[in-house]
Amino acid sequence: MILQALCKYYERKPDLPRPGFEIKPIPFIIEINADGRFVQIEDTRTMTGKKKIARSFLVPQGVKKTSGIAANPLWDTTEYVLGVTSTGKPERVQEQHAAFLAKLEGLANEINDVGLNAICTFLHSPEKERLENNPLWSEIRDTNSILTFRLSGDKELVCQRPAVYTLFENASTEAEKIICLITGKPDHFERLHTAIKGVWGAQTSGANIVSFNKEAFNSFAKEQGANAPVGKHAAFAYTTALNHLLSRESTQRIQVGDASTVFWSEQSSPLEDSFASIFDEPPKDDPARQTRAIEALFKSPETGTFSNEGGDTPFYVLGLAPNAARISVRFWLTGTAAGMSQRIRRHFEDLKIVHASFEKPYLSLFRLLVSTAAQGKSENIPPNLAGDFMRAILEGLPYPQTLLAAAVRRIRAEREITCPRASLIKACLNRQAHRSSSQEKEITVSLDNSNTNPGYRTGRLFAALEKIQEESSPGLNATIRDRFYGAASSTPVTVFANLMKLKNHHLAKLEEGRKRFFEKLIGEIMASISDFPAHLNLADQGRFAIGYYHQRQAFFTKSEPANKGE
């Protein structure tokens, strides 16, 4: 189904390369005239951030290169095109150059094109040596850059000239006929599929989704790709579509943990345009992009964005992760554009929690996941967690238990309850409550005085005791949170008796008004606590963190009274 959906996407995108062609970044173009004389070397690269990025061109599809020698038509590396190298392997390079010349001359014999003839003349003449005087030459040779040719006075490359383009467009094949597993129609068999590039962590040369390279994988005397026969057209369509979605310029890809995630719909839809803005980290030059996209999503029921038949358009999300020389499918999620939009809105509603004015109203998927990772590094996010989280969001399922455990574990390790962690814990607990038969009260956006859960109440109490200590002893290097949070949140009975005694010492240092305020607050919190729990399970440890977070936010929210609910 994945490959079928990619083929359908290819068919609805007329701007993608047609069979026989591909989009290729080419950093340098050798310009020659019709007589084969050297004119100049064009550097197509532009500075993007700290890197020079080459411009992409439509060129004839390259061959599937293995350990042998195989030249691409009319474009290739410096070693193939010019037969020069800086690596010290002249014999092999000359063989590569000979292969390139043989393919070039074969094309020139098929059609009489000025551009092809000019390249042949240039490569067989002393004009080629003039390249060495160009300022870009040493970089081209040392990096073995990809090169192609342009005829002076033309806007297009030689490989894009009408006669040459038609030649590759109408190229015939001698492959055997099979019934394609993707389309169900007769087609010529494609033994080796084009490599998929752009998956984070995979080989830069590309990797495959469909491949067989061991005899143990053979069946019924079928070898390699014949085990899963795919036609040339379908193989070209799905690889072209997927490489387009994964490309650097694509607006339909995001990174979810270690999974390079792409998304598309069978027809153009608003969700396809805004999906990346909703989940991805906003760019530095437009920090409000995510907020605008999510606000538009929340208004979509009012504006009727998905009220027409476009709301029933199938929508796909594909997560790919590296696996040696192959690509593994981390997750594959399907649904309708309207249905997924509804579940995404629910996700952000579940995450909503009181926060400081300087914090973002909505958190990206990356920001949420990295808040649960050791040292706040994305590489420490558990491999399967991101995929399970995305699946829960788009299918409306409870968030994975490992996500709740990771957030609670980070809080205990770092003794810091941040807005992203509090949001995750609230969302996890509320979704669990919706699916269970327990009568546990739903966690509200802000402080809830009516919540009598022991974990939530002891969390509030811990925040109040810490606030008393801070006001009685300003400038402390460490508070009770730094020393006792782990024990207080898991085994409250072991620490709260001592903390309640210490609080009397701290209250004595406060002025009478503040002292009465805190005594009243502690009395209100303690009203539903008969005995401190001996142990809090994982869910109640999460409620402890939320109770602490809510109470701390209430202390610093001047516009609302501390006892106001949601």
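Residues numbered from 1 in each chain as written. Predicted model: local features only at pLDDT ≥ 70, side-chain atom pairs only at ≥ 80, totals over all residues. Heavy atoms only, no water.

Peer 1: I keep staring at the packing of helix 17 (residues 496–507) against helix 18 (residues 512–526) and nothing clicks. Help me out?
Peer 2: Packed helices, taken two at a time, are described by their axes: the angle between them and the distance between them. One can describe the packing of helix 17 onto helix 18 by two numbers: an axis separation of 11 Å at closest approach and a directional angle of 160 degrees. Comparing their axes, helix 18 and helix 17 come out roughly antiparallel. The handedness of the crossing between helix 17 and helix 18 comes out as left-handed. Contacts between helix 17 and helix 18 pair Met500, Lys503 and Leu507 from the former with Lys515, Phe518, Glu519, Ile522 and Met526 from the latter. Looking at the contact of helix 17 with helix 18 residue by residue, the classes come out as 5 nonpolar, no polar and 3 charged. (Axes fitted to C-alpha atoms, helices over the stretch in contact; angles between N-to-C directions. Helix = DSSP H or I, 4+ residues; strand = E, 2+ residues; numbered from the N terminus. Parallel < 35°, antiparallel > 145°, perpendicular 65-115°, else oblique. Left-handed = near helix turned anticlockwise from the far one by under 90°. Contact = heavy atoms within 4.5 Å. Nonpolar A, V, L, I, M, F, W, Y, C, P; charged D, E, K, R; others polar.)

Peer 1: Please clarify how the pairing of strand 14 (residues 326–336) should be interpreted in this entry.
Peer 2: Consecutive residues of a regular strand have side chains that alternate between opposite faces of the sheet. The sheet contact formed by strand 13 (residues 314–323) and strand 14 spans 10 bridges and is antiparallel. Within strand 14, the residue paired with proline 322 across the bridge is isoleucine 327. Counted along the chain from strand 13 to the antiparallel partner strand 14, the turn is 2 residues long, and its residue alanine 324 has a positive phi close to 55 degrees. (Pairing = 2+ DSSP bridges.)

Peer 1: Just to check I follow, could you spell out the sheet that holds strand 7 (residues 75–77) for this structure?
Peer 2: Neighbouring strands of a sheet are bound in pairs by backbone hydrogen bonds; such pairs are parallel or else antiparallel. The strand order 3-2-8-7 describes an open sheet built from 4 strands, whose pairing is mixed. The sheet is open, and its two borders are formed by strand 3 (38–43) and strand 7, each paired with just one other strand. Here the strands of the sheet are splayed against their neighbours by 30 degrees on average, with no regard to which way each runs. Summarising the sheet, strand 2 (residues 28–32) and strand 8 (residues 146–151) pair through 5 bridges and their orientation is parallel. Looking at the pairing, phenylalanine 28 lines up with leucine 147 of strand 8.

Peer 1: Looking at this structure, how should I read the nonpolar core?
Peer 2: Looking at soluble globular proteins, one finds that nonpolar side chains tend to be buried together. Counting 83 residues, the largest nonpolar core has Phe275, Leu394 and Phe462 as its most contacted members. Looking at which element gives the most residues to this core, the answer is helix 19 (residues 538–555), with 8 residues. When near neighbours in sequence (up to four residues on either side) are disregarded, phenylalanine 462 contacts Ile480, Arg481, Phe484, Tyr485, Ala488, Phe496, Leu499, Phe544 and Tyr548. Of all hydrophobic cores here, the second largest spans 42 residues; its members include Ile26, Phe57, Trp137 and Cys159. (Core = buried A, V, L, I, M, F, W, Y, C linked by side-chain atoms within 4.5 Å. Buried < 20%, exposed > 50% of the residue type's maximum accessible area, 1.4 Å probe, protein only.)

Peer 1: Help me understand the side chain of glutamate 127, please; the structure alone is not making it clear to me.
Peer 2: Along the chain, the position of glutamate 127 falls in the loop between helix 4 (114–123) and helix 5 (137–143). Setting aside anything within four residues of it in sequence, one finds glutamate 127 in contact with Gly36, Arg37, Phe38 and Phe122.

Peer 1: When you look at the packing of aromatic side chains in this model, what are you seeing that I'm missing?
Peer 2: Geometrically, a pair of aromatic rings is defined through the distance of the ring centres and the angle of the planes. Tallied over the full model, the rule gives 25 aromatic pairs. Ring centres of phenylalanine 275 and phenylalanine 279 lie 4.9 Å apart, and the angle between their planes is 50 degrees; this geometry places the pair in the tilted category. Taken together, the residues phenylalanine 275 and phenylalanine 279, both in helix 8 (residues 270–279) and 4 residues apart, mark about one turn of the helix. Under the relative-accessibility criterion, phenylalanine 279 is labelled buried at 2%. For the ring pair tyrosine 485 and tyrosine 548, a centre distance of 6.3 Å and an interplane angle of 80 degrees mean the geometry is edge-to-face. Taken together, the residues span a long stretch of sequence, with tyrosine 485 in helix 16 (residues 480–490) and tyrosine 548 in helix 19 at a distance of 63 residues. Taken individually, tyrosine 485 and tyrosine 548 each receive the classification buried, so the pair is uniform in this respect. (Phe/Tyr/Trp six-rings, centres within 6.5 Å; stacked < 30°, edge-to-face > 60°.)

Spatial relationships are all this shows, so hold off on functional conclusions.
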